[in-house]
Amino acid sequence: MPQEVSKPKYRELSDGLYWTQECLPLGTLSELERFDLERWVEPDEDVHGCQNAYLFSDERNLLFDTLTQPNSEHVVELIDELLDGDDLDYLAISHPEANHAGNTFTILEAYPDATLLVPGEAAGYGSGHSAEHELYHIAAETPADVDQVPNEIRYVEPGDSIDLGTHTVEFEAPLFPDHSFTLWMSERTTNTLFTVDWMGFLHQNSNCVKTASELDRDVAVEQVFRFHALAFPWMRFGDTDAIERAVDDVRERFDPDVIAPAHGMVMTEDLDAYLDRFLEAVTALSREGERSNMESKLEYILRPPEVDQ
Ligand SMILES: [Zn+2]
Ligand SMILES: [Zn+2]
């Protein structure tokens, strides 16, 4: 099975907002029986997992997340190309996981004037829990002494906003975090909600950097189910009423025009339909976590070993 991360692709979603995407080919359906994808993909079609990062090119420029280390060289090339010689002012990290933040130090070294914005919850406050926190030491070439990084490091919390000129981004408490450190981000002018690990799904190999409504086939509940079953293992034991309330909160409080996830395709139309598919997926997922289902799984796992007499 091919397992090489693709060179990042990109497109301009709206004036000055770039979506960059690297894909991980996961093989064809036959190699992926465990995913049970017949409902949305042709048997001979390769499927991709993906990792997205988003760049605002404005009076001040901001990159949200870093793509992964296999692309560390290409990431800096790509930022240079998209910023057309401008400097990067801010690098914002959603959470300190290698696939979101793995190129942090590479990017900071390339842009020594860029300010690193990291979730305060991740590093905590006070001495001993600041820039030297080992959670940020996840790049292949972490400087031996992180104090040598000349960049300013700023801890951000929900409610903190950054004025970029035309765009203003704000950090948000995530309604569905995959990590206790995760921060979502919103942007006012484009009314985009960056939901990090929430609302991801796999795509067909011919559909990279296509918005959800441009895909060859509609996004299926199965696609949404499989992704969240993997990325949010706790959801099968979640309180479905509470999850529904959180989705209502997304619809009412944020009411986004665009949902931009880290591991799926950007959604620009019919957002309610995708949120409904997520709720359907959660209902199916919660059945998987029911006691009888878990008991039969446990019985299987804890069955006595078959030993030759
Ligand atoms: Zn993730
Ligand atoms: Zn792709």
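The structure displayed is predicted, hence computed values, not measured ones.

What about the environment of aspartate 113?
Take aspartate 113: it is sitting in the loop between α3 (104-110) and β6 (115-119). Its relative accessible area of 62% is what places aspartate 113 among the exposed residues. Once the C-alpha coordinates of aspartate 113 and aspartate 87 are considered, the two residues, 26 residues apart in sequence, prove to be 7.8 Å apart. Not counting residues up to four positions away in its chain, the partners in contact with aspartate 113 are Asp87, Leu88, Asp89 and Asn151.

Comments concerning the packing of aromatic side chains
Scanning all chains against the criterion turns up 10 aromatic pairs. Summarising the aromatic geometry, the rings of tyrosine 54 and phenylalanine 194 are spaced 5.1 Å apart at their centres and angled 65° between planes, so their arrangement reads as edge-to-face. With tyrosine 54 in strand β3 (residues 47-56) and phenylalanine 194 in strand β11 (residues 192-196), this residue pair connects regions lying 140 residues apart in the sequence. With respect to burial, tyrosine 54 and phenylalanine 194 carry one shared label: buried. Both rings, one in tryptophan 184 and one in tryptophan 198, keep their centres 5.5 Å apart while their planes meet at 10°; by these two values the pair is stacked. Taken together, the residues span a long stretch of sequence, with tryptophan 184 in strand β10 (residues 184-187) and tryptophan 198 in the loop between β11 and β12 (203-204) at a distance of 14 residues. Tryptophan 184 sits in the buried class, given a relative accessible area of 0%. Judged by relative accessible area, tryptophan 198 falls into the buried class, the value being 0%. Aromatic rings pair up to connect Phe176, Trp184, Trp198, Phe254 and Phe278 into one cluster.

Structural notes on the coordination of the zinc ion (ligand 1)
Distances from the zinc ion (ligand 1) to its protein donors, His100 (NE2), Asp197 (OD), Asp197 (OD) and His263 (NE2), fall at 2.0 to 2.6 Å. One way to put it: the 4 donor atoms around the zinc ion (ligand 1) meet at angles of 53 to 136°, and that makes the site irregular. Site description for the zinc ion (ligand 1): donor spacing in sequence, H-x96-D-x65-H. Of this pair, aspartate 197 sits in the loop between β11 and β12 while histidine 263 sits in the loop between β13 (258-261) and α7 (271-288), placing them 66 residues apart in sequence. Judged by relative accessible area, aspartate 197 falls into the buried class, the value being 6%. Overall, the relative accessible area of 8% leaves histidine 263 in the buried class.

Brief notes about the coordination of the zinc ion (ligand 2)
The coordination sphere of the zinc ion (ligand 2) contains the protein donors Cys23 (SG), His48 (ND1), His203 (NE2) and Cys208 (SG), at a distance range of 2.1 to 2.3 Å. Metal-centred angles of 99 to 120° between the 4 donor atoms at the zinc ion (ligand 2) mark the site as tetrahedral. Mapping the donors of the zinc ion (ligand 2) onto the primary sequence yields the spacing C-x24-H-x154-H-x4-C. With histidine 48 in strand β3 and cysteine 208 in the loop between β12 and α5 (221-231), this pair connects stretches of sequence that are 160 residues apart. For the pair shown, histidine 48 and cysteine 208 are each scored as buried.

Looking at the confidence of the model for the chain
Per-chain confidence: the chain averages 86 in pLDDT, with 86% of residues scoring 70 or above. Note that pLDDT drops below 50 for residues 123-132; the model gives that stretch 17 contacts with residues more than four away or on any other chain.

Re the sheet that holds β10
Ordered by their spatial adjacency, 5 strands build an open sheet running β8-β9-β10-β11-β13, and the pairing between neighbours is mixed. Every interior strand has two partners, whereas the edge strands, β8 (161-163) and β13, have only one. If you compare each strand with its neighbour and ignore which way they point, the axes differ by 20° on average. Judged from the 4 bridges that link them, β11 and β13 form a sheet pairing that is parallel. What sits directly across from phenylalanine 194, in β13, is alanine 260.

Cut-offs and rules
- Residues numbered from 1 in each chain as written.
- Chains lettered and ligands numbered in written order.
- Predicted model: local features only at pLDDT ≥ 70, side-chain atom pairs only at ≥ 80, totals over all residues.
- Heavy atoms only, no water.
- Helix = DSSP H or I, 4+ residues; strand = E, 2+ residues; numbered from the N terminus.
- Buried < 20%, exposed > 50% of the residue type's maximum accessible area, 1.4 Å probe, protein only.
- Contact = heavy atoms within 4.5 Å.
- Phe/Tyr/Trp six-rings, centres within 6.5 Å; stacked < 30°, edge-to-face > 60°.
- Donors = N, O, S within 2.8 Å, 3.2 Å for Na, K, Ca; no water.
- Tetrahedral: all angles 85-135°; square planar, octahedral: opposite > 155°, others 65-115°.
- pLDDT = per-residue confidence, 0-100.
- Pairing = 2+ DSSP bridges.
- Axes fitted to C-alpha atoms, helices over the stretch in contact; angles between N-to-C directions.

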